[in-house]
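# Structural overview
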Amino acid sequence: MQADLLISLRMSLTVSLLVLLFISGVVAQNGWGVDYKDKSICALKGSTVTMRCTYTYPSGPVVQKAFWTKQWGQGSEPPDLLEYSGRAEYIGDKQHNCTLRLRNVRETDKSIYYFRFLTNQTGGQYQGAGGVDLSVTDLQVEVPERVIEGDEVTLTCKTTCSLTVRPTFTWYRNGHPLSSRTDQLHLQPVSREDAGRYRCAVLGLSSPEVTLNVRYLQVEVPERVIEGDEVTLTCKTSFSLSYRPKFTWYRNGHPLSSNTDQLHLQPVSREDADRYRCAVLGLRSPEVTLNVRYGPKSVSVSISPSGEIVEGRSVTLTCSSDGNPPVEYNWIKGTSSVGKGETYTMKEISSVDSGEYKCRSSNEHGEKLSEALTLNVLYPPKSVSVSISPSSETAEGSSVNLTCSSDANPPVQNYTWFKEGGSSPVGSGHSYMAPQRGSYYCEAQNEHGSQKSAAVTVKGVWNSALYAVIGVTAGCGCLSVIIAVFCVRRKRRDNSADDADQTQENLYSNVAVRPATSDAAPDPDPSNQDDVHYASVGPRKPRNPRNAESSAGTASAFGADEEVQYASVQHRSDKVVQKTEVDAQYASVRFSRTGAANRFSTCITFLLYMITQADLLISLRMSLTVSLLVLLFISGVVAQNGWGVDYKDQSICALKGSTVTMRCTYTYPSGPVVQKAFWTKQWGQGSEPPDLLEYSGRAEYIGDKQHDCTLRLRNVRETDKSKYYFRFLTNQTGGQYQGAGGVNLSVTDLQVEVPERVIEGDEVTLTCKTTCSLTVRPTFIWYRNGHPLSSRTDQLHLQPVSREDADRYRCAVLDQNLHSPEVTLNVRYGPKSVSVSISPSGVILEGSSVTLTCSSDGNPPVEYNWIKGTSSVGKGETYTMKKISSVNSGEYKCRSSNEHGEKLSEALTLNVLYPPKSVSVSISPSSETAEGSSVNLTCSSDANPPVQNYTWFKEGGSSPVGSGHSYMAPQRGSYYCEAQNEHGSQKSAAVTVKGVWNSALYAVIGVTAGCGCLSVIIAVFCVRRKRRGSSADDKNQTQNVDPNAKDDTYTALDPVSRSSDDVYNTLATVHCSPSDDLYSALDPQSRSPEYDTLATVRNKH
């Protein structure tokens, strides 16, 4: 505010009949004159003033005295400036310069100063008329009477006259110079810090100090506040209050319920930390911040990059926490501290970095651990191996199961089987039933890569004991042929010449191939001949020897067409013999055919879900009915014979709560005296209308009883809407008058008009509306959530509007406490900030219940759809999986949609953890190895997280014999492994490691042993024959066999001494009765001499 002081100049006029003409300040009489440069001078008290002038006179006279005086010389000689001794200095001369310098000007120096000079001529003196009017002033600082913090304040350095020379001003506050160099000091806005002592100065001349008092409110808060304390905020004033007013408290601009000078927060929490201010009597305090100190809260860990973590990448963990004062961070893996700071970075992460990480947040008020974040490092398959069950060498015809094992994360998705030497896969799956012979390997693959195992060889072999039996049998067979040939040749040499031509008949020509059953004829189809045995051996006449050969050939032909998987020989008698355990090694001949492989087909079902939403546009039609009112107010003046009332405004539109002034003037004839003047809402007809009694305290008549009839109505209410008339009564009979027309008062409030439907991106205008046109055009102000905005018109433009603009708005009239109700701007927009959270957080174990929750910002509310991979798996804000399993692992996304669009969340990887499964042991090179060679055992398992510990045990022992994924085992023994991770353990089946000889070695040993046994038998036989041989003359004698002979060839076969597993236990006991003679069918007359040596064998008991 700037105010000018009007300078009152006092002039003393002496009225006379003298007309004095001032043209240029020179009064000249025949060459005499004085010229004053300044007719008036305004000087500061204490300053130095220079009054410049020049004077002239005719040539001839000589100036003898020149001086200045404050009196105009009339008759007598005026006095010199004697009282200015030491302060006044004449710096002119006695020629033409008449300048005067006056130092340390005082207030008493205020006067008109004249120059006078005297010459050496009679009457040669002269005094310049007009003179110099000297005004003396001092400096004064003008301050407003009432200053409130926040006002715009101007201090002015004032003088009582306008200084002749425009000086440079200097301002001081509390003795310290300020930067302003003009006569005004602006404090906009003023604050409590501006309160102090001010003065201004010019050229070292200072004004008296004045004190600027700033009235303010101050919120007093405790210096140190800890969460849980009982805290009280106090609203303090800088001035004394004569009564206890009502206080208002605000938090972030929003009013609170407390109405006293204290605000209690008991107990205080971190949510109370905010900006506070108080207000009273129209004064508002500055905002202060309540700082609440507390220990760490909401400690959480995030990972970057999010999603899958693949081995070899760089991963950064970030810890966030809410704490005051700021917190310090420590990183913990398991139970060990691994780092400090807000972030923890692992470059080229590997599987050993997998585990649970926590962040410890701490400050002076406590510490808190975050929830564990499980770091699951994904990597392609490693240590791929194949295990064989039961072993790599199995009996011919048995099945072989191959199992592929691998260490991978996530677990292997595809196992593919190949046969070495081929390029096409032969099977898939964790296990594969392989043919007997061949080398096989598997390829393990997950989404991060693949790896192939080493090839394993599947071989079909016979049992080692069987090799020995076959060797012995073959050896015996060979020696039997040799002995037979030897005996025949000897017999031929011993027999007479007449028996030489006799044809040798095959003793065993009647060997027939028959089925195991007692049925008459065998099935001619060789594939249906399950058992083949040799029925009986008897000395028969030879039939057609070709038949046997043909039968044998046919059998061999059939056998060639079939693949014999199981075969053995069983010796039987004529009767059907059932197989027992004892004769299991001489089983039956079975024929089998290999069947065709089964084929499998895969059906893939595709499900498509389509959601279509449509917007329904609603069109609202409004029809306006316009009524035409014709009301003619010409001047609002009704006059009758000098009586009248003139209303300045015929209609007024006022805001509810405002103050209205109804201005008017009235007239009446001279003579009557107004005794009563008032306003009423009724038109007086017959009876006297009532005064505005109900407006007591709000209606104020500020006119008079002369001509002013103005009414002021405060705090206008909606019920005040009416027509108001002015009426006055005089002292004359019938001397009353009421102005017709009156003032029509309309009362309105403020309303914010918002569009019905607002979509993000639209251009939106909010309008502050009234029901009538305000008589006085006010300045509007807009508020958003209680905070003032910059707009000062009745419209607020939001172009374009965004979802952040959705809030509470109201408008108000500036400098008046008139507000509209708050309205909410509803901005519609598509889904934003779509995110997925998981509960419970942390480790997800197989069998637990897991709930995924989708959150999204959208208006209108959104709908949620859950997607795993590319398939829709559910709807709704949450998706719950009860008894979760490893098949539920994968990436989940949430699709949020409404009528304005849709958006997918970031993928959330669900990693289900489970203990080891399918634990197996593989042997390299095989379970049976040559004596002295090493055997490597490898343990494999399916687990998540991968197995941490492998422990090896020897069957029958309780203590572990080794650890690690592989174990170099001794040659002999049964071993198994135990796989363990943090969620459990599982043991494998035991595998046996044996030291064996080569199969061919077994055959050699068997043949050698058989040959040795037969050699001994042959030697004994020859010796006995030699001893019993007769002379040459007894060769033709018939051979008599004594039934009681004790040297029977088969007497060594004692049934009593034979074991139950004797290979000859099927031989029947031969009795020596004639009917039982084994060779009774041989006629001695027709026998060949080669059988003369055969004695009749009888059983002797």
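Since the structure is predicted, the reported quantities are computational estimates derived from the model, not experimental observations.

### Observations regarding the overall build of the chain
Helix and strand counts for the chain stand at three helices and 87 strands. A burial count over the chain gives 35% of its 1101 residues as buried. Looking at the chain alone, contacts between residues at least 24 apart form 62% of all its contacts between residues at least 6 apart. Here the chain has roughly 65,600 Å² of accessible surface; of this, 50% comes from carbon and sulfur atoms.

### Examining the packing of aromatic side chains
For the coordinates displayed, the defined rule picks out 34 aromatic pairs. Residues Y666 and F726 carry aromatic rings whose centres are separated by 4.9 Å and whose planes lie at 45° to one another, so their mutual orientation is tilted. Highlighted residues: Y666 in strand 54 (residues 664-667) and F726 in strand 58 (residues 722-730), separated in sequence by 60 residues. Judged by relative accessible area, which is 0%, Y666 ranks as buried. Ring plane angle 55° and centroid distance 6.0 Å describe the contact between Y967 and Y975, whose orientation is recorded as tilted.

### What about the side chain of S941?
With respect to the secondary-structure elements, S941 resides in strand 81 (residues 935-944). Of the residues examined, S941 reaches a relative accessible area of 10% and is grouped as buried. Within polar-contact distance, the side chain of S941 engages the backbone oxygen of K917 at 3.2 Å. Apart from the residues lying within four places of it in its own chain, the contact partners of S941 are S406, P916, K917, S918, V919, V947, Y950 and A979.

### Observations concerning the pairing of strand 10 (residues 132-137)
Within a regular strand, the side chains alternate between the two sheet faces. Summarising burial for strand 10: five of the six residues are buried, a large majority. Pairing of strand 2 (residues 40-44) with strand 10 involves five bridges; the strand directions are parallel. Paired with I41 across the strands is L134, a residue of strand 10. Where strand 8 (residues 111-119) meets strand 10, three bridges bridge the pair, whose relative direction is antiparallel. Paired with I112 across the two strands is D133, which belongs to strand 10.

### Here we look at a positive patch on the surface
The grouping of R489, R490, R493, R1025 and K1026 at the surface amounts to a positive patch. Put simply, the parts of the chain that give the positive patch at least two residues each are helix 1 (464-494) and helix 3 (999-1028). In terms of residues, the positive patch owes the most to one element, helix 1, which gives three residues. Checked against the element boundaries, R489 lands in helix 1.

### Comments concerning the state of the cysteines
Throughout the structure, instances matching the rule amount to 11 disulfides. Across the disulfide from C319 sits C359; the S-S distance is 1.9 Å. Around the S-S axis, the bridge from C319 to C359 shows a dihedral of about -90° and counts as left-handed. You can see C319 sitting in strand 32 (residues 315-324) and its partner C359 sitting in strand 36 (residues 355-363), a full 40 residues away along the chain. By the burial criterion, C319 is buried, and C359 matches it. A sulfur-sulfur separation of 1.7 Å characterises the disulfide bridge that pairs C664 with C709. Here C709 lies in the loop between strand 56 (699-701) and strand 57 (711-713) and C664 lies in strand 54, a separation of 45 residues in the sequence. Overall, C709 belongs to the buried group, its relative accessible area being 0%. No disulfide involves C1013; its nearest neighbouring cysteine sulfur is the one of C476, lying 6.7 Å away.

### With respect to unusual backbone geometry
Here S304 and P305 are connected by a cis peptide whose omega angle stands at 0°. With respect to the helices and strands, the residue P305 is situated in the loop between strand 30 (292-304) and strand 31 (309-310). Residue N859 is joined to P860 through a cis peptide bond whose omega torsion reads 5°. Here P860 lies in the loop between strand 72 (850-859) and strand 73 (863-868). Of note, S833 is a non-glycine position whose phi angle comes to about 50°, a positive value. Unlike most non-glycine residues, S918 shows phi in positive territory, near 50°. If you trace the backbone, S918 turns up in strand 79 (residues 912-924). For S918, a relative accessible area of 42% translates into the label partly exposed.

### Digging into the sheet that holds strand 30
Sheet strands line up and pair through hydrogen bonds in the backbone, either parallel or antiparallel. One open sheet holds the four strands; their spatial order is 22-30-32-35, and the pairing between them is mixed. The sheet is open, and its two edges are formed by strand 22 (225-226) and strand 35 (343-346), each paired on a single side.

### As for the sheet that holds strand 3 (residues 49-51)
Judged by pairing direction, the sheet is antiparallel, and its three strands sit side by side in the order 3-7-6 without closing on themselves. With one partner strand each, in any of the chains shown, strand 3 and strand 6 (88-90) form the two edges of the open sheet. Strand-to-strand twist in this sheet, taken as the mean axis angle between neighbours without regard to direction, amounts to 20°. Pairing of strand 6 with strand 7 (residues 100-102), which is carried by three bridges, proceeds in the antiparallel orientation. Along strand 7, the bridge assignment pairs Y90 with L100.

### Observations regarding the environment of T50
Along the chain, T50 falls in strand 3. Sequence-wise, T50 and R101 are 51 residues apart; in three dimensions their C-alpha atoms are separated by 4.4 Å. The residues contacting T50, other than those within four sequence positions of it, are I41, T99, L100 and R101.

### Topic: a nonpolar patch on the surface
On the surface, a nonpolar cluster with roughly 290 Å² of combined accessible area is contributed by L241, Y243 and L281. Of note, L241 is situated in the loop between strand 23 (231-237) and strand 24 (248-251).

### A look at the pairing of strand 70 (residues 827-839)
As defined by bridge partners, strand 62 (residues 758-759) adjoins strand 70 across two bridges and the pair is classed as parallel. The partner of V758 across the bridge, within strand 70, is V827. Note: strand 70 against strand 72, seven bridges, orientation antiparallel. Residue pairing for strand 72: V836 is matched across the bridge by C854.

### Here's the deal with the pattern of salt bridges
Scanning the entire structure with this criterion turns up 36 salt bridges. In this structure, the salt-bridge partner of R103 is E89, at a minimum N-O distance of 2.7 Å. Residue R103 is found in the loop between strand 7 and strand 8, and its partner E89 is found in strand 6; the two are separated by 14 residues along the sequence. E89 gets classed as partly exposed once you look at its relative accessible area, which sits at 29%. D720 is paired through a salt bridge with R698; the nearest N and O atoms lie 2.9 Å apart. Here D720, found in the loop between strand 57 and strand 58, pairs with R698, found in the loop between strand 55 (674-680) and strand 56; they are 22 residues apart in sequence, far enough to count as distant. Across the pair, exposure class does not vary: D720 and R698 are buried alike.

### Remarks on the confidence of the model for the chain
Chain-level pLDDT for the chain is 77 on average; 73% of the residues reach the 70-or-more range. Taken together, the stretch residues 500-639 has pLDDT below 50 and engages in 132 contacts with residues farther than four places along the chain or on a different chain. Here residues 1066-1082 scores under 50 on pLDDT; set against residues more than four positions off or in separate chains, the count is 25 contacts.

### Things to note about the environment of Q732
Secondary-structure assignment places Q732 in the loop between strand 58 and strand 59 (736-738). Along the backbone, Q732 and P672 are 60 residues apart, and their C-alpha atoms lie at a distance of 6.1 Å. With residues near it in sequence (within four places) discarded, Q732 still touches G671 and P672.

What counts and how
Residues numbered from 1 in each chain as written. Predicted model: local features only at pLDDT ≥ 70, side-chain atom pairs only at ≥ 80, totals over all residues. Heavy atoms only, no water. Helix = DSSP H or I, 4+ residues; strand = E, 2+ residues; numbered from the N terminus. Buried < 20%, exposed > 50% of the residue type's maximum accessible area, 1.4 Å probe, protein only. Contact = heavy atoms within 4.5 Å. Areas by Shrake-Rupley, 256 points an atom, 1.4 Å probe, with all protein chains shown as cover. Phe/Tyr/Trp six-rings, centres within 6.5 Å; stacked < 30°, edge-to-face > 60°. Polar contact = N/O pair within 3.5 Å; in protein donor to acceptor, adjacent residues only side chain to side chain. Pairing = 2+ DSSP bridges. Patch = residues over 30% accessible without salt bridge, like charges linked within 9 Å, V, L, I, M, F, W, Y side chains within 5 Å. Salt bridge = Lys/Arg side-chain N within 4 Å of Asp/Glu carboxyl O. Lys, Arg positive; Asp, Glu negative; His and termini not counted. Charge placed at Lys NZ, Arg CZ, Asp CG, Glu CD. Disulfide = S-S within 2.5 Å. Axes fitted to C-alpha atoms, helices over the stretch in contact; angles between N-to-C directions. pLDDT = per-residue confidence, 0-100.

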